[in-house]
Amino acid sequence: QVQLVESGGGLVQAGGSLRLSCAASGLTFSSYSVAWFRQAPGKEREFVAGVSRRGGTPAYGDSVKERFTISRDNAKNSMYLQMNSLKAEDTAVYYCALDRAGSTWTASGMNYWGKGTLVTVSS
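About the thresholds
Within each chain, residue numbers correspond to sequence positions counted from 1 in written order. The predicted nature of this model means local features are confined to residues of pLDDT at least 70 and side-chain atom pairs, given and counted, to a pLDDT of 80 or more, with totals for whole chains, interfaces and linings taken over all residues. Where side-chain values are given, they derive from all heavy atoms of the structure, hydrogens and water being excluded. We define a salt bridge as a contact between a side-chain nitrogen of Lys or Arg and a carboxyl oxygen of Asp or Glu at a distance within 4 Å. Where helices and strands are cited, they refer to DSSP runs of H or I of at least four residues and of E of at least two residues respectively, numbered from the N terminus. Burial classes: relative accessible area under 20% of the type maximum marks a residue as buried, over 50% as exposed, and values in between as partly exposed (1.4 Å probe, protein chains only). Pairing of aromatic side chains requires ring centres within 6.5 Å, counting the rings of Phe and Tyr and the six-membered ring of Trp. Pairs whose planes differ by under 30 degrees are stacked, by over 60 edge-to-face, and all others tilted. Pairs of cysteine sulfur atoms within 2.5 Å are what we label disulfides. Being paired, for any two strands, means DSSP has found at least two bridges between them.

Turning our attention to the pattern of salt bridges. Scanning all chains against the criterion turns up three salt bridges. With its nearest N and O atoms 2.9 Å apart, the salt bridge here joins arginine 38 to glutamate 46. Between arginine 38 and aspartate 90 there is a salt bridge, with its nearest N and O atoms 2.8 Å apart. Of this pair, arginine 38 sits in strand β4 (residues 33-39) while aspartate 90 is found in the loop between β8 (78-83) and β9 (92-99), placing the two residues 52 residues apart along the sequence. Each of the two residues, arginine 38 as well as aspartate 90, counts as buried.

The following block contains the structure:
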């Protein structure tokens, strides 16, 4: 079966850095656009970053641009999110997601989701 497992979440102070990982199995990882979303309590799920299966310039949500970097390693069936200059507003559950249809970067367009990993940024 398809599995996406996030790791790397935890507690970090504002201004610090954290690197999230997502390991995929049960599918052809290179055939999918990949993305990170996040959701804070009481808020809608928000697009964070994404990169298509064919490459190109990664896309970022306005709130994380120039601070976060998405990458993927198809040989390892993994994707990553490097988060720098973290702010309290970044506190959320972070989810990795895959989309076979194309890079629309909408939550409703994603085909598969991980269970999420919690990132807590203390101010």
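Structure shown, so let's carry the discussion forward.
Following the criterion strictly, the structure yields five aromatic pairs and no others. Ring geometry for phenylalanine 37 versus phenylalanine 47: centroids 5.6 Å apart, planes at 70°, classification edge-to-face. Residue phenylalanine 37 is located in strand β4, and its partner phenylalanine 47 is located in strand β5 (residues 46-51); the two are separated by 10 residues in the primary sequence. Relative accessible area serves as the criterion here: at 16%, phenylalanine 47 is assigned to the buried category.

Our next topic: the environment of leucine 11. Inspection of the secondary structure puts leucine 11 in strand β2 (residues 10-13). Each C-alpha atom of the pair leucine 11 and leucine 118 lies 8.4 Å from the other, and the pair is 107 residues apart in sequence.

The phi torsion at asparagine 77 lies on the positive side, around 50°, for a residue other than glycine. Considering the arrangement of structural elements, one finds asparagine 77 in the loop between β7 (68-73) and β8. Even without glycine at this site, tryptophan 105 takes up a positive phi of about 60°. The residue tryptophan 105 is located in the loop between β9 and β10 (112-113) in this model. A relative accessible area of 18% means that tryptophan 105 is categorised as buried.

Here the focus is the state of the cysteines. For the structure shown, the criterion picks out one disulfide. In this model, cysteine 22 is linked to cysteine 96 through a disulfide, with the two sulfur atoms separated by 2.0 Å. Taking the sign of the S-S torsion, about 55° here, the bridge from cysteine 22 to cysteine 96 comes out right-handed. Residue cysteine 22 is found in strand β3 (residues 18-25), and its partner cysteine 96 is found in strand β9; the two are separated by 74 residues along the sequence. Exposure remark for cysteine 96: the relative accessible area of 0% places this residue in the buried category.

Here we take up the pairing of β7. In β7, alternate side chains face the same way, and those of Phe68, Ile70 and Arg72 are buried while those of Thr69, Ser71 and Asp73 on the opposite face are not. In the sheet, β7 pairs with β8 via six bridges, with the strands oriented antiparallel. Looking across to β8, one finds that threonine 69 is bridged to glutamine 82. A loop of four residues connects β7 with β8, the two strands running antiparallel in sequence, and asparagine 77 in this loop sits at a positive phi of about 50°.

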